[in-house]
Amino acid sequence: MTSIAPEKAATPAPPSAEVELSIGGMTCASCAARIEKKLNRMDGVAATVNFATEKAKVTYAPGVEVADLIATVEKTGYTAEEPPEPTARAEAVQEQEQAQDEDGGETGPLRQRLLVSLLLSVPVVLMAMVPALQFDNWQWLSLTLAAPVVVWGALPFHRAAWTNARHGAATMDTLVSMGTLAAFGWSLWALFLGDAGMPGMRHGFDFAVSRTDGSSSIYLEAAAGVTTFILAGRYLEAKSKRKAGAALRALLELGAKDVAVLRDGHEVRIPTAELAVGDRFVVRPGEKIATDGTVVEGTSAVDASMLTGESVPVDVAAGDTVTGATVNTSGRLVVEATRIGADTQLARMARLVEDAQNGKAAVQRLADRISGVFVPVVLLIAIGTLLTWLTVTGDATAAFTAAVAVLIIACPCALGLATPTALMVGTGRGAQLGILIKGPEVLESTRRVDTVVLDKTGTVTTGKMTLHKVITTPGAGESELLRLAGALEHASEHPIARAIADGATERTGTLPAPENFENIAGLGVQGVVDGHAVLVGREKLLTDWAIELPAELAAAKAAAEAEGRTAVAVAWDGEARGILTVADAVKDTSARAVAELRRLGLTPILLTGDNRTVAETVAREVGIDEVIAEVLPQDKADVVKRLQAEGRTVAMVGDGVNDAAALATADLGLAMGTGTDAAIEAGDLTLVRGDLLVAADAIRLSRKTLGTIKSNLFWAFGYNVAALPLAAAGMLNPMIAGAAMAFSSVFVVTNSLRLRNFR
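The rules behind each value
Residues numbered from 1 in each chain as written. Predicted model: local features only at pLDDT ≥ 70, side-chain atom pairs only at ≥ 80, totals over all residues. Heavy atoms only, no water. Helix = DSSP H or I, 4+ residues; strand = E, 2+ residues; numbered from the N terminus. Buried < 20%, exposed > 50% of the residue type's maximum accessible area, 1.4 Å probe, protein only. Contact = heavy atoms within 4.5 Å. Salt bridge = Lys/Arg side-chain N within 4 Å of Asp/Glu carboxyl O. Pairing = 2+ DSSP bridges. Phe/Tyr/Trp six-rings, centres within 6.5 Å; stacked < 30°, edge-to-face > 60°. Lys NZ or Arg CZ within 6 Å of the ring centre and 35° of its normal. Core = buried A, V, L, I, M, F, W, Y, C linked by side-chain atoms within 4.5 Å.

Novice: Explanation requested: the overall build of the protein chain in the structure shown.
Specialist: When helices and strands are counted, the protein chain shows 28 helices and 26 strands. In the protein chain, which comprises 759 residues, the proportion classed as buried is 53%. Intrachain contacts of the protein chain at a sequence separation of at least 6 include 70% that bridge at least 24 residues.

And the structure:
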């Protein structure tokens, strides 16, 4: 990388733009492969087309217009348009949901076609399979029932096949259309020109190809049955794909639709889209917070479970930040908007999830390449099957039946659905749990990782000082010491003072107001509280007042400092009364999280800029053996590189600006969503909740999603590899082939949907 850096600097690449297009008219993975191929042939264009999400993600160089991209897609025989902005998209989603409630949405016409075809084809299949039902002239009733199924029921396949043929292409629809029309055409020939139309004609049914007199054989049950099975597969697939994308749609719908803005002291209700940065708005109990902002008035508890997966509401007061789409559970709040529209955390989450769902894993690219050439190869195999059977057996009926079975069984649909459906469900479930996966390549990284580097401050610990222990002399009470020391520290802005004041308030209640307060720079504070002259600070502050620490307090102070904690001395009325220890507290879940990471086969390492004593104390508390301490912020990435040079595959978990380079350098970067924008941008996985336990969940979910993708692809490849020779060898009736093909797609999607149950 270093060797090509000067060349890059000398010839900077022109800036490129990115657009996401909604694609219409795709019916299988080979359609997506064709569109992708056509777009990538354009100069300065790199595109990936996802069949499951029906989206194309296109990067294009200056000089290329979005209209050119849309025109290329349309010339290929499909439709394309730019999707709306996130807010408008949420509204569009809502309208679409309502439309589906009313008429079944996009699955409505498909369901109608399926139900009519099913009603008509069941008698046809039963009459063909059960000779006892074959009355005189039953074949003509079969024709009457099967014709609407093949002509009208299979119309979408015929139409798509014709469109593709006009563009010199063949897809799964070509196979289905050719197979059903061939079976139907043969039946018409046998009925009108052969012996099959004679009264008293009887017809057996075999699961494999059987030799019969071609002129007396009809395949109406195959033509009607295959059409119905494939329509059923398409319908179940469409419904399942909808379920797979449900989490993202739910995310887009989370935001508030309108908001009460303060204008000249009065509340005016406006659509959320009209909010501007700096606007102040009111949020009453039970209402959603309209956008990201800062509380300027009021206190409440906010339920952020829909964004973070955390069920416990968070207390907020003036000065605290709040996130759009979270719910105000108790008090009235006035919030000042700091981010709106596409900049909000909700919009960014939706964008990350969508980007991940539109991406492709390396293994899916291979599947797509196979799908792209699969249909022409199958057409050649079908012709080869027909000619081979004719040459070897001379039986036109058997040859025809085997060729039709090859056409119908070979659909590569399951291949095209294997990765995108698992990604849609996995990333959607992650979003519900507060885990944002940036793309499919991230999944591959989670499988290989063997070492996890944990930043200490803000990741393993809370990142803010907290009162830890209170040690008193025999004559002083703990609550009295906290009350007097807390009252004095409450008047100071120092982080250690804030920790003592907050801890004292939490344990003793309201604190008295101090008198004659004085801040002694570098030493501590002094003043009068409830008539007592109080000193709180370093030991030297007490020494300056000729107050010595008794032996037990001196020992407690030394022990605290040996553990890396800050010890604060407290004295009043001329006598030392106690020691308060303050530290950056370890998060409640950190020890459990480290144990979980170990169970996943990862070696945890604690990385910090703090001194070694502090770092080792924290490491012991959470169960980490390896500590790298006193590292400068700019050197964290070098530590990751050194570990990689040792042959380790490294995951990094961090939350600060100083972690961004290390997150980007690591094989897998996990950014705490409570951290900085720079860290979140650099990470591969974002943990919306600032809880290390979610890091273990994120790796488990990623590995489970990758496992589902692999099992899907194994099934899809295995199905096609096993089924094609069986069909060519005449061991599959075309109708059984159609049922098996439809089942393969449904199996893949259903297998992916199991990820919705991830806990």
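Okay, back to it.
Novice: Even after reading the chapter, I still don't get the pattern of salt bridges, so can you show me in this structure?
Specialist: Two side chains that carry opposite charge are able to pair once their charged atoms sit near each other. Evaluation of the coordinates by the stated rule reveals 23 salt bridges. Taken together, the salt bridges that share partners define one network made up of E267, R284, E297 and R332.

Novice: I tried to follow the sheet that holds strand β9 (residues 300–303) on my own but got confused; where do I start?
Specialist: Each strand in a sheet pairs with another by means of backbone hydrogen bonds, the pair being arranged parallel or else antiparallel. Read from one edge to the other, the open sheet built from three strands follows the order β10-β9-β12, with strand pairing classed as antiparallel. A single partner strand is all that each edge strand has here, and the edge strands are β10 (314–316) and β12 (327–328). In the sheet, β9 pairs with β10 via three bridges, with the strands oriented antiparallel. Directly across from A301, in β10, lies its bridge partner D315.

Novice: Please explain the packing of aromatic side chains as it appears in this structure.
Specialist: In this description, an aromatic ring pair is defined by two values, namely the gap between the centres and the angle between the planes. Within the structure shown, the criterion is met by four aromatic pairs. Between W186 and W189, the ring centres sit 5.7 Å apart and the planes meet at 65 degrees, which makes this aromatic pair edge-to-face. In this pair, W186 and W189 both sit in helix α8 (residues 172–192), three residues apart, roughly one turn of the helix. Judged by its relative accessible area of 16%, W186 is buried. For the ring pair W715 and F747, a centre distance of 4.5 Å and an interplane angle of 40 degrees mean the geometry is tilted. Remark: F747 occurs in helix α28 (residues 734–753) and W715 occurs in helix α27 (residues 693–728); sequence separation between them is 32 residues. On the basis of relative accessible area, W715 is assigned to the partly exposed category, the value being 29%. Grouped by ring-pair contacts, the aromatic residues W186, W189 and F400 constitute a single cluster. Over the ring of W152 we find R113, and its NZ or CZ is 4.8 Å from the ring centre.

Novice: Can you help me understand unusual backbone geometry in this one?
Specialist: The phi torsion of most residues other than glycine is negative, and most of the peptide bonds are trans. For A325, which is not glycine, the phi torsion reads 85 degrees and is therefore positive. Checked against the element boundaries, A325 lands in the loop between β11 (321–322) and β12. Although it is not a glycine, N516 adopts a positive phi angle of roughly 50 degrees. For N516, the location among the structural elements is in strand β17 (residues 515–520). Taking relative accessible area as the criterion, N516 reaches 63% and is therefore assigned exposed.

Novice: Quick question: what am I supposed to make of the pairing of strand β18 (residues 524–529) here?
Specialist: Successive residues of a regular strand alternate their side chains across the two faces of the sheet. Burial analysis of β18 places five of its six residues in the buried class, the great majority of the element. In the sheet, β17 pairs with β18 via four bridges, with the strands oriented antiparallel. By the bridge assignment for β18, I520 is matched with G524. In textbook terms, the turn of a hairpin is the stretch between consecutive antiparallel strands, and for β17 and β18 this stretch comprises three residues, one of which, G522, has a positive phi near 80 degrees. Relative to strand β19 (residues 532–537), β18 is paired through six bridges, and the arrangement is antiparallel. Counted as the bridge partner of V525 is V536 from β19.

Novice: What is the right way to look at the nonpolar core in this model?
Specialist: Proteins that are soluble and globular tend to have nonpolar side chains buried together. Ranked by size, the top nonpolar core spans 58 residues in total, and within it L21, I23, M26, L39, V58 and L69 carry the most contacts. Residue contributions to this core peak at eight residues, all from helix α9 (residues 220–244).

Novice: Sorry if this is basic, but what is going on with the sheet that holds strand β6 (residues 266–271) here?
Specialist: Here six strands make up an open sheet; going across it, the order is β6-β5-β7-β13-β8-β11 and the pairing antiparallel. Strands with a single pairing partner mark the edges of an open sheet, and in this sheet they are β6 and β11. The pairing of strand β5 (residues 258–263) with strand β7 (residues 280–283) spans two bridges and is antiparallel. The residue bridging V261 from the neighbouring strand is F281, located in β7.

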